[in-house]
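# A look at the structure
Chain by chain, the residues:
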Amino acid sequence: ITISGMKLVCSSKIRNVMKKLMFVFSILLVSGCTTLSKDVVLVSEGGETSKLLVYRDSAFQNAMVSLYVGKSDEYFMKLRNGQYGVVEMDAGPYVIQAKADASPSSLIQVNLKPDEITCLEGAPNKQALGAVFSPLMANAVPAFLLTQVDCPSAEALKDYKLVTKP
């Protein structure tokens, strides 16, 4: 094998790596970014209402990304570490979504009862920790999970920053 033959082998290896990288970047580009939806209707006229409180502890995992909370692919809340938000919604059953940019949504079913507060905790999905090393896996595993919990006390909420809708 000559030196020029070795260059040819190296060139084909580099080409294969570049093709794989282009594939990964195209998947990331298609995934897009999540934004808060404008004009999300959470309360209809004349109906009974409920409140949904969602909070997010501070955690190292996913510390650099926002947790988006929504329903029917309309996101009405964006939380960073140590934040919480409260929205008024029509009472009734919902499938609430949680996601980060470029990750699929996780889902939780909740039944919002009239004149009550339902509380959800948003936390990083521990199964997604390994996905950090694989962009393809990162697009297949939800970054955040929501869990219905007992509502924190007003004293406990002092450790969080209230986020109001923009």
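Our subject is the structure that appears above.
A few points on the structure.

Quick notes on the rules
Residues numbered from 1 in each chain as written. Predicted model: local features only at pLDDT ≥ 70, side-chain atom pairs only at ≥ 80, totals over all residues. Heavy atoms only, no water. Core = buried A, V, L, I, M, F, W, Y, C linked by side-chain atoms within 4.5 Å. Buried < 20%, exposed > 50% of the residue type's maximum accessible area, 1.4 Å probe, protein only. Helix = DSSP H or I, 4+ residues; strand = E, 2+ residues; numbered from the N terminus. Contact = heavy atoms within 4.5 Å. Salt bridge = Lys/Arg side-chain N within 4 Å of Asp/Glu carboxyl O. Pairing = 2+ DSSP bridges. Axes fitted to C-alpha atoms, helices over the stretch in contact; angles between N-to-C directions. Disulfide = S-S within 2.5 Å.

Core analysis: the biggest nonpolar cluster contains 21 residues, and Leu52, Met89 and Ile96 have the highest contact counts within it. Every element with two or more residues in this core is listed here: β1 (49-56), β2 (67-71), β3 (74-79), β4 (83-90), β5 (92-99), β6 (106-112) and β8 (144-149). With residues near it in sequence (within four places) discarded, Ile96 still touches Leu52, Val69, Gly70, Met89, Ser106, Leu107, Ile108, Val110, Leu120 and Leu146. Core analysis: the second largest hydrophobic core is formed by six residues, Leu53, Tyr55, Leu157 and Tyr160 among them.

A few words on the pattern of salt bridges. Following the criterion strictly, the structure yields one salt bridge and no others. A salt bridge links Lys158 to Glu155, with the nearest nitrogen and oxygen atoms 3.4 Å apart. Across this residue pair, the class does not change: Lys158 and Glu155 are exposed.

As a further point, take the environment of Asn125. Counting through the fold element by element, Asn125 comes out in the loop between β7 (117-124) and α2 (135-138). Distance from Asn125 to Leu146, taken between C-alpha atoms, is 9.2 Å for residues 21 residues apart in sequence.

For the rest of this paragraph, the subject is the sheet that holds β6. Pairing is antiparallel in the open sheet, where four strands are placed in the order β3-β2-β5-β6. The strands lining the two open edges of the sheet, one partner per strand, are β3 and β6. Each strand axis lies, on average, 30° off the axis of its neighbour in the sheet, ignoring direction. Here β5 runs beside β6; their pairing, made up of seven bridges, is antiparallel. Each bridged residue has a counterpart across the sheet, and for Gly92 the counterpart in β6 is Leu112.

Attention shifts here to the state of the cysteines. In the structure shown here, the tally under the stated rule is one disulfide. The partner cysteine of Cys119 in its disulfide is Cys151, sulfur to sulfur 1.9 Å. Here the S-S torsion is close to 100°, and the disulfide linking Cys119 with Cys151 is therefore right-handed. Pair noted here: Cys119 is in strand β7 and Cys151 is in the loop between β8 and α3 (154-157), with a separation of 32 residues, a long-range link. A relative accessible area of 38% means that Cys151 is categorised as partly exposed.

Everything listed is a geometric property; what it means functionally is a separate question.
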